[in-house]
Amino acid sequence: MDQGSDEYQRLTWDALRKSITGLVNKVNATNIKNIIPELFAENLIRGRGLFCRSCINSQAAFPSFTDVYAAVVAVLNTKFPEIGIVLLRRLILQFQIAYKHNDKPKLLASVKFIAHLANQNVVNELIALELLTLLLEKPTNDSVELAVGFVTECGSLLLEVSPHGLHGVFERFHGILHKGEEIDNRVLFLIEDLFELRIANFQGYPAICPELDLVEKEDQWTHVGLSLADKIDPQITVDIFKPDPDFVENEFFYEELKKDILGEKEQEDDLELESESESELIKDEPETNLMNLRRSIYLTIMSSVDFEETGQKLLRILKTAPGQEMELCTMLLECCSNETTYLRYYGLLGQRFCTINKVYRDTFEKCFVQQYSTIQRLEGNKIRKLAMFFAHLLATNALTWHVLAYIRLTKEDTTSSSRIFIKFLFQDLSEQLGIRLLNERLSKDSFDESIFPKDNPINTRFAINYFTSIGLDGITENLRDYYTNMQRLVIQQQNSHVESESAGSKKRRIN
C-alpha cells in the first residue's frame with residue numbers, strides 16, 4: 001500500500017488514536033516513567049488533539065489520577081508546548097461552559113485539572129488566582145466548595161509563589177465565614193478546615209508528589225497570558241483525520257525528532273568527542289602565561305558578586321594581556337555551560353562587554369560560529385545553556401542578528417545537536433521578545449538562504465515543519481505564504497507546459 005495514500009494515512013491515524021488512548025488510560029504513578037517514552041514514540045505533533053481529548057476524558061472519569069495526568073502533560077509540554085496550550089484552552093472552555101450551566105461534575109474536573117497543571121508550572125499561577133476570584137465573587141454553596149477544593153490542591157504552590165494573593169483569598173474566605181451569606185454549615189465547616197490546613201502550611205498536600213516531580217526547573221515551559229475571560233478556540237479540527245499531502249516527509253521529520261528526544265543516537269559519540277576536545281584544548285595551549293590568564297579569568301568570574309564588578313575586574317586583567325579577547329569570551333562561555341542551570345549573570349556580563357567595545361562583539365560573533373560548527377560535541381544541557389546565552393545577546397541587540405545567517409536550516413545541513421541548539425535559541429528569543437517583536441526583528445534582515453530557506457521546496461517545507469514542531473509556527477507566516485505561492489506557480493507552469501504540448505500535437509495532426 002502506498003504510504004502517501006489516504007487509505008494508509010487513515011489506518012495510521014486509527015492506530016495512533018488507539019495507541020495514545022491506551023497509553024493515557026493505563027498510566028499511573030508507578031509506571032509513568034515507562035509510559036512517557038512510549039508516548040514520545042507516537043507522533044504527538046499529528047496526534048496532539050487526540051492526546052488532549054483522551055487526557056481530559058480520562059481525568060474526568062478518574063479524578064484521583066489528576067496529578068498523574070498533569071505530570072504527563074508537564075513532561076510532554078517541555079518538548080511540545082503546543083500540547084500544553086491546546087489542553088489549557090480546552091480546559092478553560094470546559095470551565096466556562098460548565099460554570100455558565102452550573103454543571104458541577106465538569107466544574108470539579110476542570111478546576112482540579114487546572115490546579116494540578118498550575119502545580120506542575122504548565123500554567124502561570126495568575127490563572128489560579130483569577131479562578132478563585134471568580135468563584136468567590138458571588139459565593140454559593142457549590143462555588144465556595146469548589147474554591148476550598150482548589151486551594152487545598154494548589155495552596156502549597158500559592159503559598160510559595162504568591163503569598164500575598166493567597167492572603168487575599170483567605171481574607172475573602174474569612175468574610176464568608178463570619179457573614180454567613182446564606183452558606184450551609186457543611187460548607188462553613190470546610191472553610192474552617194481549610195484555615196487549619198493553612199496554619200499547618202498545607203502539610204500533607206504538597207504541590208507535587210516526589211514520584212511525579214519529573215521536570216527540572218530549567219526545562220519547564222510555563223504558559224502565560226491565558227485568562228478565564230478569553231474567547232477560546234478549542235482547535236477541534238486537530239482531532240479529526242485529514243489527509244496530509246506531505247505525510248511521508250512529516251513522518252520522517254518526527255522520527256528524527258523522536259530520536260533527539262529519546263536520545264537514541266550520538267550519545268556515546270558526543271561523550272568521546274567532548275573528551276577529545278578537552279584534551280586537544282590542553283595540548284594546544286601549553287604556555288604557562290596563558291594558563292595563568294585563564295585561571296585568573298575563571299576565579300574572577302566565579303568569585304565576584306555581580307556582573308558589573310566582574311566586568312571591571314576582567315577589564316583590569318586584560319590590560320596586562322592585550323589581544324586575549326578570544327580567551328575571555330571562550331572562558332565566559334565555558335563557565336556558563338558548566339553551571340547546573342543557565343544563569344542570567346553570564347548573559348548580562350557578555351552584553352556588557354559587547355557594549356563596551358566592538359572588538360568583543362566581533363569576538364562573540366566568532367564564538368557563535370565556532371560553537372555552532374562544533375555543537376555536536378556537547379551534551380544537551382550544555383547546548384541549552386549556550387543557546388540561552390546567545391539568545392540574551394541577540395534579544396538585547398548586543399550581538400548583530402546577521403550571525404543567524406550562518407545557520408542553514410535544512411535536513412542535510414543540520415544534525416540532531418544543531419537542531420536542539422536552534423530550538424532553545426528561538427524559544428528563548430520568543431520568550432524574551434514575544435512572537436510579534438521576534439517576527440519584526442527577523443524581517444529586518446534576509447535569511448532566505450539560512451533559517452528560512454527558499455532555494456528548494458523541500459528545504460522550505462522542512463523549515464516550516466521544524467518551527468511548527470517546537471511551537472513557533474508564528475514566525476513562519478511569510479515563509480508559508482512563499483511556499484504556497486511557489487506551489488501555485490509550479491502548478492501553473494506544469495499546466496501551461498501541458499497545454500503547449502497538446503497544442504503542438506494538434507498542429508502536427510493538421511499538417
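Residues numbered from 1 in each chain as written. Predicted model: local features only at pLDDT ≥ 70, side-chain atom pairs only at ≥ 80, totals over all residues. Heavy atoms only, no water.

(A) A look at the overall build of the protein. Summing up its helical and strand segments, the protein has 22 helices and 0 strands in all. Over its C-alpha atoms, taken along the principal directions, the protein stretches across nearly 90 × 85 × 40 Å. Buried positions account for 46% of the 511 residues belonging to the protein. Of the contacts formed within the protein by residues at least 6 apart in sequence, a portion of 77% connects residues at least 24 apart. Charged side chains in the protein number 56 positive and 75 negative. The centres of these two groups are separated by 5 Å. (Helix = DSSP H or I, 4+ residues; strand = E, 2+ residues; numbered from the N terminus. Buried < 20%, exposed > 50% of the residue type's maximum accessible area, 1.4 Å probe, protein only. Contact = heavy atoms within 4.5 Å. Lys, Arg positive; Asp, Glu negative; His and termini not counted. Charge placed at Lys NZ, Arg CZ, Asp CG, Glu CD.)

(B) How the structure looks around the side chain of histidine 392. Positionally, histidine 392 belongs in helix H18 (residues 380-395). Judged by relative accessible area, histidine 392 falls into the buried class, the value being 4%. With residues near it in sequence (within four places) discarded, histidine 392 still touches Tyr342, Arg344, Gly347, Leu348, Gln351 and Gln432.

(C) Up close: the side chain of threonine 152. Inspection of the secondary structure assignment puts threonine 152 in helix H8 (residues 141-161). There is a polar contact of 2.7 Å between the side chain of threonine 152 and the backbone oxygen of valine 148. Sequence-distant contacts of threonine 152, defined by excluding residues within four places in its chain, comprise Leu194, Leu197 and Tyr205. (Polar contact = N/O pair within 3.5 Å; in protein donor to acceptor, adjacent residues only side chain to side chain.)

(D) Examining a nonpolar patch on the surface more closely. A cluster of nonpolar residues, Tyr298, Leu299 and Met302, forms a patch on the protein surface that exposes about 290 Å² of accessible area. Topologically, methionine 302 is positioned in helix H13 (residues 288-303). Assessed through its relative accessible area of 38%, methionine 302 is described here as partly exposed. (Patch = residues over 30% accessible without salt bridge, like charges linked within 9 Å, V, L, I, M, F, W, Y side chains within 5 Å. Areas by Shrake-Rupley, 256 points an atom, 1.4 Å probe, with all protein chains shown as cover. Salt bridge = Lys/Arg side-chain N within 4 Å of Asp/Glu carboxyl O.)

(E) Looking closely at the pattern of salt bridges. Here the structure, examined in full by the defined rule, presents 19 salt bridges. Measuring nitrogen to oxygen at the nearest pair gives 3.4 Å for the salt bridge that ties glutamate 334 to arginine 294. Highlighted residues: glutamate 334 in helix H15 (residues 325-338) and arginine 294 in helix H13, separated in sequence by 40 residues. A relative accessible area of 26% places glutamate 334 in the partly exposed class. Three or more residues are tied together by salt bridges with common partners; here these are Lys104, Asp142, Glu145 and Arg186.

(F) Structural view of the confidence of the model for the protein. Summing up the model confidence of the protein, the mean pLDDT is 85 and the portion of residues at 70 or higher is 90%. When the elements of the protein are averaged for pLDDT, helix H12 (residues 267-284) gives the smallest value, 50, and helix H4 (residues 66-79) the largest, 94. Across residues 281-286 the pLDDT falls below 50, and counting only partners more than four positions away or on other chains, this stretch makes 5 contacts in the model. (pLDDT = per-residue confidence, 0-100.)

(G) Local environment of H8. With 21 residues, H8 should reach 30 Å at 1.5 Å per residue; the first-to-last C-alpha distance of 28 Å fits that figure. The largest bend in H8 is about 65°, located at cysteine 154. Among the structural elements, helix H6 (104-119), helix H7 (126-137), helix H9 (163-179) and helix H10 (185-199) are those in contact with the buried residues of H8. (Expected span 1.5 Å × (residues − 1). Bend = angle between axes of the 7 residues up to and from the residue.)

(H) Quick peek at helix H11 (residues 247-262). Between the first and last C-alpha of H11 there are 22 Å, a value that for 16 residues agrees with the 22 Å anticipated at 1.5 Å per step. Every buried residue of H11 is accounted for by Phe247, Asn250, Phe253, Tyr254, Glu256, Leu257, Lys258 and Asp260. Buried-residue contacts for H11 involve helix H1 (6-26), helix H2 (32-41), helix H19 (416-433) and helix H21 (457-469). A positive phi of about 65° marks glycine 263, the residue just after H11.

(I) How the structure looks around the nonpolar core. If you look at the biggest cluster of nonpolar residues, it comprises 149 residues, and the most contacted ones within it are Phe51, Phe173, Leu425 and Phe426. Other than its neighbours up to four places away in sequence, leucine 425 contacts Ala387, Phe390, Ala391, Leu394, Leu404 and Ile407. (Core = buried A, V, L, I, M, F, W, Y, C linked by side-chain atoms within 4.5 Å.)

(J) Representation of the packing of H7 against H8 in the model. Packing of H7 against H8 leaves a shortest axis separation of 10 Å and a crossing angle of 155°. Taken together, the axis directions place H7 and H8 in an arrangement best described as roughly antiparallel. For the crossing formed where H7 meets H8, the hand is left-handed. Where H7 abuts H8, its residues Ala128, Leu129, Leu131, Leu132, Leu135 and Leu136 lie against Ser143, Val144, Leu146, Ala147, Phe150, Val151 and Leu158. Grouping the constituent residues of the contact of H7 with H8 by class yields 12 nonpolar, 1 polar and no charged. (Axes fitted to C-alpha atoms, helices over the stretch in contact; angles between N-to-C directions. Parallel < 35°, antiparallel > 145°, perpendicular 65-115°, else oblique. Left-handed = near helix turned anticlockwise from the far one by under 90°. Nonpolar A, V, L, I, M, F, W, Y, C, P; charged D, E, K, R; others polar.)

(K) Spotlight on the packing of aromatic side chains. The full count for this structure, using the stated rule, is 20 aromatic pairs. Pairing tyrosine 345 with tyrosine 346 gives two aromatic rings, centres 5.1 Å apart and planes at 80°, and the pair type is edge-to-face. Given the relative accessible area of 1%, tyrosine 346 is considered buried. Taking the centre distance of 5.8 Å and the plane angle of 55° together, the rings of phenylalanine 452 and phenylalanine 467 count as tilted. Separated by 15 residues along the polypeptide, phenylalanine 452 in the loop between helix H20 (435-443) and H21 and phenylalanine 467 in helix H21 bring together distant segments of the chain. (Phe/Tyr/Trp six-rings, centres within 6.5 Å; stacked < 30°, edge-to-face > 60°.)

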